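Secondary and tertiary structure notes
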Amino acid sequence: MGLPEERGRSGSGSRGQEEAGAGGRAQSWSPPPEVSRSAHVPSLQRYRELHRRSVEEPREFWGDIAKEFYWKTPCPGPFLRYNFDVTKGKIFIEWMKGASTNICYNVLDRNVHEKKLGDKVAFYWEGNEPGETTQITYHELLVQVCQFSNVLRKQGIQKGDRVAIYMPMIPELVVAMLACARIGALHSIVFAGFSSESLCERILDSSCSLLITTDAFYRGEKLVNLKELADEALQKCQEKDFPVRCCIVVKHLGRAELGMGDSPSQSPPIKRSCPDVQGKLKEKSKRVQPQISWNQGIDLWWHELMQEAGDECEPEWCDAEDPLFILYTSGSTGKPKGVVHTVGGYMLYVATTFKYVFDFHAEDVFWCTADIGWITGHSYVTYGPLANGATSVLFEGIPTYPDVNRLWSIVDKYKVTKFYTAPTAIRLLMKFGDEPVTKHSRASLQVLGTVGEPINPEAWLWYHQVVGAQRCPIVDTFWQTETGGHMLTPLPGATPMKPGSATFPFFGVAPAILNESGEELEGEAEGYLVFKQPWPGIMRTVYGNHERFETTYFKKFPGYYVTGDGCRRDQDGYYWITGRIDDMLNVSVREKIGPIATPDYIQNAPGLPKTRSGKIMRRVLRKIAQNDHDLGDTSTVADPSVISHLFSHRCLTIQ
C-alpha cells in the first residue's frame, strides 16, 4: 500500500511542511498534537496496525465491533461470505447472515435504557428562519418513533414493504425513517428538491405502498409547495396503474394553527422564537401560506394519527442481511438505480466510520449539513450519529439565508465541535471573504470534514486557515451512495493531510488501481479505482435488477468492485480522486486516437450539467448535441444555468 512512515515534526500542526524529494511532493499538515492525544487512533502507526488487521482478518475485526451491538440471535454460520467475480457465478455479499437485530432498537432503545442517555439531546433542530428552533432528546425521539411505528402498522405496513418519504429537513423525517426501520419496512427517501416526476419514478420502481410528505416549506426565500408536488406524483402513479393507497402529511408551515402544547415530545415540535428575531418572524408571517389540496380517502394528517397512537412498539427482529432502505442515485444516464443497503452490515459500518473518522467523543456536538435525501444524510445525520449516542444539529435552511453568516452563527450557537459539509458550500462562502467567518468565535470547532467531491486545494486551504483557524484537521472523505460510508479518508489524530487528497483507506477497505487491461498497478500510478474485498457497508444489489448491479460494478474487472472513478496514488501512497472515468474524453491529436474516435465537433464549456452528487448527466449532453430542448426531468441538476449556457453557446453543426 505504500503508506508513509509517521513523520516527526515540531509545531502544533498549524503549519504545512514542504516535503523534499524528486518531482516535489504536495504540502502536508501533521495532526495537531492536542487532537492526537485524545484520539481513538492517535498515530499513523496505530492506523496501519488496525488497517492491516481489518483487511487480513475482516471476520475477527468486524466480529469484535459487532459485539458492541445488540443481536436478538447470534450469527449461526460464516461471519462473511461473498463472490466478487462474475466469471465464478452470481455476485453476492453476506455479513452475519442468520443473525437477527433491529437498527432502530440499537440506536434508540439501547441508548435510552442501557446507556442511560434518555435525557441527552439527540438533535438541535434549526429551522429555515433563525428564530425557529427546538430540540429533541433520545427519550422523546424513541417515543415519537414508537408512535409513528404504530401508525404505520395501523395503515397495514408490514416487514418488507416499501415506504416513500418526501420531506424537508425536519425532525419528523428522522422519526419516519426510524419508524420504518423499527417495523422492518424499507424507507425510500426522495430529496425534497426533486420534481414530481422523480418522485413518481421512484415510487413506481420499488412499488411503494405509502407516501409521507409535508404541506410546504421555505428554502431560503423560496416557497416549495411539497404537497402539490406529491399530489402530482401520485396522479402520475395513478395514470400508470399504480395507485398509492395512503399519503401521510406533516403540517409544517401550518404548525402555528395547530395550537400544540409546549412539550417537545409532542409532534410537531414547537418553534420557540428568540426575542431578537421577532422582527424577522413578523416579516415571515406575511409570507404566503399555500392552499393545501386534500384527497379524501388517501390523505391523512400526521398530527391526528400521532395523537391516537400508543407510545410503545415492539421492534421487528430482522436478519442482518434483510434490506434496510433503498436510495436512488440521481441517474446521470437515465433510469435511477435503487441502491439497497442491509440492516447489519450498514449499521456496523456507519457507526464505526462515524466514530473514527470524526473522532467522536460523548461531549461532541456534530453537524453534517447534508440533506437526509442523500446518502450522506442517511449515514451521518441519522444512523451513524445516533448509533454512537451523539448530539447533532439538524438544519432546514441554506448557508446564505438570511445572510452569509448563517453557518458560523449556528456553530457558535450550539458549540459545534465536528463540522461536515461539501466543497461546493465552501467555495460559495469563500466568495464573500473572511469577515463573515472571522467575526464569529468558532472556538468550539475541533474537526472539519468535506464530502461529495474532491476538494480543490485552494478551498481546502481557506477552510483550514479561515474556518478552522489553522488548528482543526480536515477529513476529506471519499465514498459513494453504493459504499454506505467512508472509503478513503484521513483520521483526525493520525493522518498527515495533503490538500485535495482523500489520503488512505478506512478499516476493511482494500483499494487497488488498475490499468485498462485490469492489471494492478504498484507504487505511483493512475488508473481505475477498485476495491478488492467487501466491507460491511457495501450495497447488496440494485432494487429489482441484480443484473444491473453486476454489470455496473463487477463486470468490467471481474474480482473487483469498480467505483467508476479514476484515481492517482502518489509516491507516499496517498490516494487522489481524479474524477469519473466514464466522464472523461480522450482529447489528443488525430494521429494518436485515430479517425474513428475523433469527435466530430468540440464545444468549449465553462461547466457541465451535473447532479448534486457530482455525476455528469450525459443524457442532457446528448440532447444539447442534438439541439433537442425536450430534456425531460432536470430537477436533479445542481445548476440549471449551465444547461442554458450550453444551448446558447452551442457550436454550429452540419445537419
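Look above for the structure.
Below is a summary of the structure that appears in this document. (Residues numbered from 1 in each chain as written. Predicted model: local features only at pLDDT ≥ 70, side-chain atom pairs only at ≥ 80, totals over all residues. Heavy atoms only, no water.)

Moving on, we get to the packing of helix H5 (residues 138-154) against helix H6 (residues 171-183). Between H5 and H6, the shortest axis-to-axis distance is 8 Å and the interhelical angle comes to 65°. Between H5 and H6 the crossing geometry is right-handed. Contacts from Leu141, Leu142, Gln144, Val145, Cys146, Phe148, Ser149, Leu152 and Arg153 of H5 reach H6 at Val174, Val175, Ala176, Leu178, Ala179, Cys180, Arg182 and Ile183. The residue inventory of the contact of H5 with H6, partitioned by class, reads 13 nonpolar, two polar and two charged. (Axes fitted to C-alpha atoms, helices over the stretch in contact; angles between N-to-C directions. Helix = DSSP H or I, 4+ residues; strand = E, 2+ residues; numbered from the N terminus. Left-handed = near helix turned anticlockwise from the far one by under 90°. Contact = heavy atoms within 4.5 Å. Nonpolar A, V, L, I, M, F, W, Y, C, P; charged D, E, K, R; others polar.)

To continue, consider the pairing of strand E6 (residues 162-166). Along E6, five of the five residues are buried, which leaves the element largely enclosed by surrounding structure. On E6, burial covers both faces: Arg162, Ala164 and Tyr166 on one face and Val163 and Ile165 on the other are all buried. Taken together, the four bridges between E6 and strand E7 (residues 186-189) define a ladder with parallel strand orientation. The residue bridging Ile165 from the neighbouring strand is Ile189, located in E7. Of the crossover connections in this fold, the one passing from E6 over H6 to the parallel E7 is right-handed. The sheet contact formed by E6 and strand E8 (residues 210-214) spans four bridges and is parallel. (Buried < 20%, exposed > 50% of the residue type's maximum accessible area, 1.4 Å probe, protein only. Pairing = 2+ DSSP bridges. Right-handed = clockwise from strand over helix to strand, strands pointing away.)

Bringing the pattern of salt bridges into the picture now. Per the counting criterion, the structure on display carries 27 salt bridges. The residue Lys418 makes a salt bridge to Asp364 at a minimum N-O spacing of 2.8 Å. Of the two residues, Lys418 is situated in strand E18 (residues 418-421) and Asp364 in the loop between helix H11 (343-357) and strand E16 (365-368); the sequence distance between them amounts to 54 residues. The pair formed by Lys418 and Asp364 is uniform in burial state, with each residue classed as buried. (Salt bridge = Lys/Arg side-chain N within 4 Å of Asp/Glu carboxyl O.)

With that out of the way, let us pick up the sheet that holds strand E17 (residues 391-395). Pairing in this open sheet of seven strands is mixed, and the strands run E5-E4-E17-E16-E18-E19-E20 from one edge to the other. Strands at the two margins of the open sheet, each flanked by one partner only, are strand E5 (133-137) and strand E20 (474-476). Each adjacent strand pair in this sheet contributes to an overall mean axis angle of 20°, direction not counted. Inspection of the sheet shows strand E4 (residues 121-126) paired to E17 by four bridges, in the parallel sense. Within E17, the position partnered with Tyr124 by the bridge is Val393. Of the strands in this sheet, E4, E5, E16, E17 and E18 are in contact with helix H13 (residues 406-414), which crosses E4 at around 145°. Packing of helix H16 (residues 457-467) onto the sheet brings it into contact with E18, strand E19 (447-450) and E20, and relative to E19 it is tilted by some 160°.

Counting residues in each nonpolar core, the largest one holds 125 residues, and the members touching the most others are Leu141, Phe148, Ile165, Leu178 and Ile212. Residues contacting Leu178, with those up to four places away along its chain left out, are Cys104, Val107, Leu108, Leu141, Val145, Thr382, Tyr383 and Leu386. (Core = buried A, V, L, I, M, F, W, Y, C linked by side-chain atoms within 4.5 Å.)

The next subject is the packing of helix H4 (residues 103-114) against helix H12 (residues 375-387). Working note: a packed helix pair is described by the angle between its axes plus the distance between those axes. Taken N-terminus to C-terminus, the directions of H4 and H12 make an angle of 55°; their axes are 9 Å apart at the nearest point. Between H4 and H12, the crossing angle belongs to the class labelled oblique. The two elements H4 and H12 meet at a crossing, and its hand is left-handed. Counting all contacts with H4, which are made through Ile103, Val107 and Asn111, the residues of H12 involved are Tyr383, Leu386 and Ala387. Across the contact of H4 with H12, the residue classes tally to five nonpolar, one polar and no charged. (Parallel < 35°, antiparallel > 145°, perpendicular 65-115°, else oblique.)

Attention now moves to the side chain of His440. Mapping His440 onto the fold places it in the loop between helix H15 (435-438) and E19. Taking the relative accessible area as the measure of exposure, His440 reaches 14% and is therefore buried. Leave out the neighbours within four places in its chain, and His440 touches Asn405, Trp408, Ser409 and Asp412.

This part covers the environment of Gly485. Mapping Gly485 onto the fold places it in the loop between E20 and strand E21 (511-514). Taking the relative accessible area as the measure of exposure, Gly485 reaches 0% and is therefore buried. The sequence separation of Gly485 and Thr352 amounts to 133 residues, and the corresponding C-alpha distance is 9.2 Å. Setting aside residues up to four positions removed in sequence, Gly485 forms contacts with Tyr349, Tyr380 and Trp479.

An order of E21-E22-E24-E25 is seen for the four strands of this open sheet, with the pairing classed as antiparallel. What marks the edges here is a single partner per strand, and that holds for E21 and strand E25 (575-580). Averaged over all pairs of adjacent strands, the angle between strand axes in this sheet comes to 45°, irrespective of strand direction. Pairing analysis gives five bridges linking strand E24 (residues 561-569) to E25, with the strands arranged antiparallel. Within the sheet, the bridge partner assigned to Arg569 lies in E25 and is Tyr575.

Looking now at unusual backbone geometry. Negative phi values dominate among residues other than glycine, just as trans dominates among peptide bonds. Cis peptide bonds are those with omega within 30 degrees of zero, and the linkage from Tyr401 to Pro402 qualifies with 0°. With a phi close to 65°, Thr503 is a non-glycine residue in the positive phi region. Along the polypeptide, Thr503 turns up in the loop between E20 and E21.

A few words on the packing of aromatic side chains. One pass over the structure, following the stated rule, counts 43 aromatic pairs. Ring geometry for Tyr346 against Tyr383: centres 5.7 Å apart, planes inclined by 90°, an arrangement best described as edge-to-face. A residue pair is termed long-range when its members are at least 10 positions apart, and Tyr346 in helix H11 and Tyr383 in helix H12 qualify at 37 residues. In this structure Tyr383 comes out as buried when scored by relative accessible area, which is 0%. Arranged with centres 6.1 Å apart and planes meeting at 80°, the rings of Tyr380 and Tyr420 form a pair that is edge-to-face. In this pair, Tyr380 sits in helix H12 while Tyr420 sits in strand E18, placing the two residues 40 residues apart along the sequence. By way of ring pairs, the aromatic residues Tyr47, Phe61, Trp62, Tyr349, Tyr356, Phe504, Phe506, Phe507 and Tyr574 are connected into one cluster. Across the ring face of Trp301, the terminal group of Lys251 is positioned such that the distance to the ring centre comes to 4.5 Å. In this structure, Lys498 is placed above the aromatic ring of Tyr574, and the distance from its NZ or CZ to the ring centre is 4.3 Å. (Phe/Tyr/Trp six-rings, centres within 6.5 Å; stacked < 30°, edge-to-face > 60°. Lys NZ or Arg CZ within 6 Å of the ring centre and 35° of its normal.)

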